[in-house]
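For reference, the chains in residue letters:
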Amino acid sequence: MGNTKTTALSGAVLAAVMLALSACGGGGGGATGEVAAPPSDPKEVSGEIKVLTQRTDLVQNGTLQKYAAEFNKIYPEVKVKFDGITDYEGEVKIRMNTNAYGDVLFIPGAVAKNDYPKFFAPLGTTAELSKYRFSDKAEVDGKVYGIAQFGTANGFVYNKKLWKQAGVTSWPKTPDEFLAGLKAVKEKTGATPYYTNFKDGWPMVQWTSNLGVVGCDAQAGNALAGPVSPWKAGGELNTIDTLLYDIVKQGLSEKDPTTTNWETSKALLGEGEIATMMLGSWSITQMQDAAKKAGGAPEDIGFMPFPVQKDGKHCAGLVSDYQQAVSIHSHNKPAARAWVDWFTEKSGFAEKEGVVSAVKSAPMPATLKEFVDNDVRFFDRSEAKTAAVNDIDEAAEIGLNKPDYRQKLIDTARGAAKGSLEDFFADLDKRWDEAAKTVGS
């Protein structure tokens, strides 16, 4: 069942401050700057396009082919073929050393932002694509090279029944209230209050997606671009990572984090063996399905915001999933662009998956109804300085989008690694600030 894990990787690991490794070599050469513009007459668009996707499950079960059939009602002369790739990042990075990497693809994390013009056709100017959320993530020199497949909010997926049994009926407003809630779950229900998903690793990265929530600040990610000691007292990452540390330190997570299992965790949450997990809202529908299969009830699955408030309100940052792009080498750019626009605006994919549409005017999905009803303040987290932040992160060898440093944080909290939280944060700050000075941000 690796497919749902792949979904998670796209929906969240890359949704945070996207980790750009070194740029893929080669593969350029087609830098004509030709815009993949939206076609004016659907009937005049023809030809075959290949769409690369990491959602192998949706290819295998025929779901994407059904979307293509709907697309063909408007674009009857376009043939859409899907190529589902399990190791999407690894495989596509290799393909991009050639000119043959499909017509439509998700921008791999390994492509440095400034190299987008070498590999992808511009889709238009920032102003022309202003109806879409997250366009700054794929903007280079005023041109946009990708449209987000969807967005996701971050928070805690939880078993409402267990929290209710524990006597907690309203969302915690502070980290201390949240910890008290987990303690009550442990004492009154016997369930594991919090599950880290330590072993699979990637769920650790979900915590990074909370950047901006503490101060309700859309610029929080951009603010890391410099020697700013991100883990200093009162800072976003200090608050976020302290909560994770305290959960583990106070014995409110599973007994042995090295034996966790992502697929199993979904059933455990659904049947009431575990109470809470930090994940993106993309996970809600998966958890509801798992609850049903495990003999629980889908309505037992809830979603709560990070336990802080600004001006009396909870905040939730929206971050983008993979960005859909058109290959600069595509011989059928009008058809490729037609697919991207249709999939984003007309397919209903975001609504069906319970995620946030990239179209700003679209309503929030049913999965976030409680957030809407409880007046949670949403903001689109700006990713304008992603490239600079990634450069510092890489030079510091911390990995905001890798599990390692948070696994070490958990090991420190449970006594499997030496040191205090203060020392741990001081080391991260030192490395970050030195790296920031070196890369000259």
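An unreviewed UniProt entry lists the chain under the name Extracellular solute-binding protein, from Streptomyces roseolus.

> Summarise the packing of helix α7 (residues 175-189) against helix α9 (residues 236-249); cite the residues concerned and give the values.
One can describe the packing of α7 onto α9 by two numbers: an axis separation of 11 Å at closest approach and a directional angle of 25°. Between α7 and α9, the angle falls in the class roughly parallel. Both α7 and α9 take part in a crossing whose hand is right-handed. Residues P175, F178, L179 and L182 of α7 form the contact with α9, whose own contacting residues are L243, D246 and I247. A class-by-class count of the residues in the contact of α7 with α9 yields six nonpolar, no polar and one charged.

> How would you sum up the pattern of salt bridges? Please name residues and give values.
Under the criterion given, the structure shown has 20 salt bridges. A salt bridge links E345 to K131; its shortest N-O distance comes to 3.0 Å. Of this pair, E345 sits in helix α12 (residues 333-345) while K131 sits in the loop between β4 (124-125) and β5 (139-140), and the two are 214 residues apart along the sequence. Owing to a relative accessible area of 32%, E345 belongs among the partly exposed residues under this scheme. Residue classification places K131 among the partly exposed residues on the basis of a relative accessible area of 42%. Where D373 meets K369, a salt bridge forms, and the shortest distance between an N and an O atom there is 2.6 Å. Here D373 pairs with K369, and both are found in helix α14 (residues 369-373), just four residues apart, close to one helical turn. Via salt bridges that share partners, R55, D57 and E353 belong to a single interconnected network.

> Please set out empty space enclosed by the protein residue by residue, giving values where relevant.
In this structure the tally under the stated criterion is three cavities of 30 Å³ or more. Lining of the largest cavity is provided by 13 residues; of these, V51, T53, L64, F106 and F343 occupy positions nearest its centre. With three residues, strand β1 (residues 47-53) is the largest single contributor of residues to the lining of the largest cavity. Grouping the constituent residues of the lining of the largest cavity by class yields nine nonpolar, three polar and one charged.

Procedures and definitions
- Residues numbered from 1 in each chain as written.
- Predicted model: local features only at pLDDT ≥ 70, side-chain atom pairs only at ≥ 80, totals over all residues.
- Heavy atoms only, no water.
- Axes fitted to C-alpha atoms, helices over the stretch in contact; angles between N-to-C directions.
- Helix = DSSP H or I, 4+ residues; strand = E, 2+ residues; numbered from the N terminus.
- Parallel < 35°, antiparallel > 145°, perpendicular 65-115°, else oblique.
- Left-handed = near helix turned anticlockwise from the far one by under 90°.
- Contact = heavy atoms within 4.5 Å.
- Nonpolar A, V, L, I, M, F, W, Y, C, P; charged D, E, K, R; others polar.
- Salt bridge = Lys/Arg side-chain N within 4 Å of Asp/Glu carboxyl O.
- Buried < 20%, exposed > 50% of the residue type's maximum accessible area, 1.4 Å probe, protein only.
- 1 Å grid on protein atoms, 1.4 Å probe; cavity = no way out; pocket = protein on both sides within 12 Å on 5 of 7 lines; lining within 4 Å.
- Points joined across faces, edges and corners; volume = space filled by probe spheres on them.

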